[in-house]
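Examining the three-dimensional arrangement
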Amino acid sequence: MGIVGMKVFGGGKPATLVGEGEGKAPATSLLRYALTLPVATVVPCVFSREEFQQNLEVARSFEPMSEADRKALISQINPP
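Not measured: the values here are computed from a predicted model.

A surface patch of nonpolar side chains, amounting to about 280 Å² of accessible area, comprises Val-4, Met-6 and Val-43. Topologically, Met-6 is positioned in strand S1 (residues 4-6). On the basis of relative accessible area, Met-6 is assigned to the exposed category, the value being 57%.

Contact geometry of helix H1 (residues 27-36) with helix H2 (residues 49-60) gives a least axis separation of 10 Å together with a crossing angle of 45 degrees. Compared by their axis directions, H1 and H2 come out oblique. Here H1 runs over H2; the crossing is right-handed. Two secondary-structure elements touch here, H1 through Ala-27, Thr-28, Leu-31, Arg-32 and Leu-35 and H2 through Gln-54, Asn-55 and Val-58. Taken together, the residues that form the contact of H1 with H2 break down as 4 nonpolar, 3 polar and 1 charged.

Parameters at a glance
- Residues numbered from 1 in each chain as written.
- Predicted model: local features only at pLDDT ≥ 70, side-chain atom pairs only at ≥ 80, totals over all residues.
- Heavy atoms only, no water.
- Patch = residues over 30% accessible without salt bridge, like charges linked within 9 Å, V, L, I, M, F, W, Y side chains within 5 Å.
- Areas by Shrake-Rupley, 256 points an atom, 1.4 Å probe, with all protein chains shown as cover.
- Salt bridge = Lys/Arg side-chain N within 4 Å of Asp/Glu carboxyl O.
- Helix = DSSP H or I, 4+ residues; strand = E, 2+ residues; numbered from the N terminus.
- Buried < 20%, exposed > 50% of the residue type's maximum accessible area, 1.4 Å probe, protein only.
- Axes fitted to C-alpha atoms, helices over the stretch in contact; angles between N-to-C directions.
- Parallel < 35°, antiparallel > 145°, perpendicular 65-115°, else oblique.
- Left-handed = near helix turned anticlockwise from the far one by under 90°.
- Contact = heavy atoms within 4.5 Å.
- Nonpolar A, V, L, I, M, F, W, Y, C, P; charged D, E, K, R; others polar.

Next up, the structure:
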């Protein structure tokens, strides 16, 4: 069995988690977080060539997030 990660950016257009400010984070961080999880693959949403290139660069240079980085990202998108 393989687990597929979908809706990495919060789904929809525009992606609900991508951006700056409370409850938002950079797309690259969200994709890196998803790739760090125990999944077989991740299917990120792509609406432009620029987004595709950005996702490709994250995949090419991928290094798993540390536990501290994961917790910080979760806190960033789920503020108290």
